[in-house]
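# What the coordinates show
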Amino acid sequence: MQSARNIRQGHYDKAEKLVEKSDKANVNALYEKFKKDNPDAGSNPFSRWQQKRAIKKEYAAAKAGKNTASTTASASKGAGKATGKAAQGAKNITERVTEFCTTHSKTILFVLIAGLLFMILSGMFSSCSAMFQGGTQIILGTSFTAKEEDIIGADNDYKALEAALRNKINNIERTHSGYDEYRYDLDEINHNPYELAAYLTVKFEDYTRDEVQATLQWLFEQQYELTLTEVVEIRTRTTSSTDPETGETTTEEEDYEYYILNVKLRNKGLNSVISNSGLSEDDMERYRILLQTRGNRPDIFGNDIYATPGGEYTDYDIPGEALTDTRFANMIREAEKYLGYPYVWGGSSPSTSFDCSGFVSYVINHCGNGWSVGRLTANGLMGVCDIIPKSSAKPGDLIFFQGTYDTSGASHVGIYVGNGMMIHCGNPISYASIESNYWQQHFYCFGRIRN
């Protein structure tokens, strides 16, 4: 049986949780009232975050004041007699104040008007005052606070986990030998380093590389899901045999088992994992702010085209003669539906948005040309193409790049549209010139989809 002490403690814990729940509801109600009374106040995510924090602090202070008042109530009763005389003195003071107000009404009216003007001006400039007084807090609220070596080191540790997963998939046919066929349905393996740094900042603030290792492992396990599924198909084959005496050859049909290993990798996207990780509303607001500001360290991860948002997409008018090719016209009709969609690691459909290979795979499968390649990585898409020289490339061919992130083979893919242009999933999906220095440095090859 539970002891009376344990039962009481359970009641206390339950009561404390109810109080916490009530406090949260009160703060939310106050915040909603503030937004209703000040519709223009929350013009950006950081302002909203700051406002809610301020309301929380005011609520806590008011609650503490109320508790203090309750505590001192009994002491006030004991002092009742002592204040009796003071009350009589206060009455005399009140009478004198009334007399002064009557004889100096104009002066008081002037002071009141001046005070009102001061209050209005104070309200107008309060945001400026808060900006100067809270400048340090704003900078900290929008910044990665860990040391640069720890931010980059933690990201490198996450990349090492991804490299190990990539290596595991590359060696599937060696570690799982004996199958007649291997079928791959793979998302790209990578992440946005700013998403990782923002999450670690919200969780740990000024973190070190060592203290976040368990969190890195947990995030990785949530982001990636690798499944191996064995399928056995009964197939028929023709066999022949020759009678050694007559030399007569006969054929017959026989059934046999055909073993397939389906290898499927899903990258749920680090941002999606973080959004469903149980962060509070305030923490998620801070996370989004850190992504917007890139932690006030826009160059910490170097020239990462996947991490840096590209803003508006670039459009391009494809020459009419190129569109006389029906297969190419079908591809472009489908591809242009998604101009402006953001880059999302693991994304492979309009509902999730896309990464580079997810975008090209989707266009190939849904453009109406009769192709069905599944969900392939950039390197996997090379496997459904015939590699062609650059001089033979034409609109509708695929263009591959290497070294845009740390992986072997092709790491990025786009659809070539002619005249040195491609449509690809950059950040966002956009048209781009393949003649730029960046894409020339990373160019790998052209490929033509097999019929």
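As a reminder, the structure under discussion sits directly above these lines.
Just so you know, these numbers come straight off a predicted model, no measurement behind them.

Calculation rules
Residues numbered from 1 in each chain as written. Predicted model: local features only at pLDDT ≥ 70, side-chain atom pairs only at ≥ 80, totals over all residues. Heavy atoms only, no water. 1 Å grid on protein atoms, 1.4 Å probe; cavity = no way out; pocket = protein on both sides within 12 Å on 5 of 7 lines; lining within 4 Å. Points joined across faces, edges and corners; volume = space filled by probe spheres on them. Helix = DSSP H or I, 4+ residues; strand = E, 2+ residues; numbered from the N terminus. Nonpolar A, V, L, I, M, F, W, Y, C, P; charged D, E, K, R; others polar. Pairing = 2+ DSSP bridges. Axes fitted to C-alpha atoms, helices over the stretch in contact; angles between N-to-C directions. Contact = heavy atoms within 4.5 Å. Salt bridge = Lys/Arg side-chain N within 4 Å of Asp/Glu carboxyl O. Buried < 20%, exposed > 50% of the residue type's maximum accessible area, 1.4 Å probe, protein only. Parallel < 35°, antiparallel > 145°, perpendicular 65-115°, else oblique. Left-handed = near helix turned anticlockwise from the far one by under 90°.

What follows is about the layout of surface pockets. To find leftover empty space, a probe the size of one water molecule is rolled over the atoms. There is about 490 Å³ of room inside the second largest pocket. Lining the second largest pocket we find 25 residues, and of these N192, E195, N271, L291 and Y343 sit closest to its centre. For the lining of the second largest pocket, the elements supplying multiple residues, two or more each, are α8 (193-204), α10 (270-275) and α11 (281-293). Looking at the lining of the second largest pocket, the element that brings in the most residues is α11, giving five residues. Its residues assigned to classes, the lining of the second largest pocket shows 13 nonpolar, nine polar and three charged.

Each strand in a sheet pairs with its neighbour through backbone hydrogen bonds, running either in the same direction (parallel) or in the opposite one (antiparallel). The six strands are arranged β6-β11-β7-β8-β9-β10 in an open sheet whose pairing can be described as antiparallel. Each edge of the open sheet is held by one strand with a lone partner, namely β6 (385-388) and β10 (429-433). Sheet twist, expressed as the average angle between the axes of neighbouring strands with direction ignored, equals 35 degrees. Relative to strand β11 (residues 443-449), β6 is paired through four bridges, and the arrangement is antiparallel. Bridged to C385 within β11 is I449. On the sheet, helix α12 (residues 326-335) packs against β7 (398-401), β8 (412-418), β9 (421-425), β10 and β11 and is oriented at approximately 120 degrees with respect to β8. The strands touched by helix α13 (residues 356-366) are β7, β8, β9, β10 and β11; relative to β8, the strand with the most contacts, the crossing angle is about 50 degrees.

Let us now look at the pattern of salt bridges. One pass over the full model with this rule turns up 16 salt bridges. The partner of D155 in a salt bridge is K159, and the shortest N-O contact between them spans 3.9 Å. Linking D155 with K159, this pair stays in helix α6 (residues 148-170), spanning four residues, or about one helical turn. Owing to a relative accessible area of 2%, D155 belongs among the buried residues under this scheme. The partner of D187 in a salt bridge is R266, with the nearest N and O atoms 3.1 Å apart. One end of the pair, D187, is in the loop between β1 (181-186) and α8; the other, R266, is in strand β3 (residues 249-267), and 79 residues separate them in sequence. Taking the relative accessible area as the measure of exposure, D187 reaches 2% and is therefore buried. Its relative accessible area of 24% is what places R266 among the partly exposed residues. Taken together, the salt bridges that share partners define one network made up of D185, D187, R266, D355 and R375.

Another point: the packing of α12 against α13. Interaxial distance between α12 and α13 falls to 9 Å at its minimum, and their mutual angle equals 125 degrees. What the angle tells us is that α12 and α13 run oblique. Once α12 is placed against α13, the crossing between them reads as right-handed. Of the residues in α13, those touching α12 at M331, E334 and A335 are F359, Y362, V363 and H366. For the contact of α12 with α13, a count of residues per class yields five nonpolar, one polar and one charged.

Another aspect to go through is the sheet that holds β3. Within the open sheet, the three strands sit side by side as β1-β3-β2. Their pairing is mixed. The outermost strands of the open sheet, each flanked by one partner alone, are β1 and β2 (224-242). Sheet twist, expressed as the mean angle between neighbouring strand axes with direction ignored, is 20 degrees. Across the sheet, α6 touches β1, β2 and β3, and the angle it forms with β2 is around 10 degrees. Relative to β2, helix α9 (residues 213-223) is tilted by about 45 degrees, and along the sheet it contacts β2 and β3.

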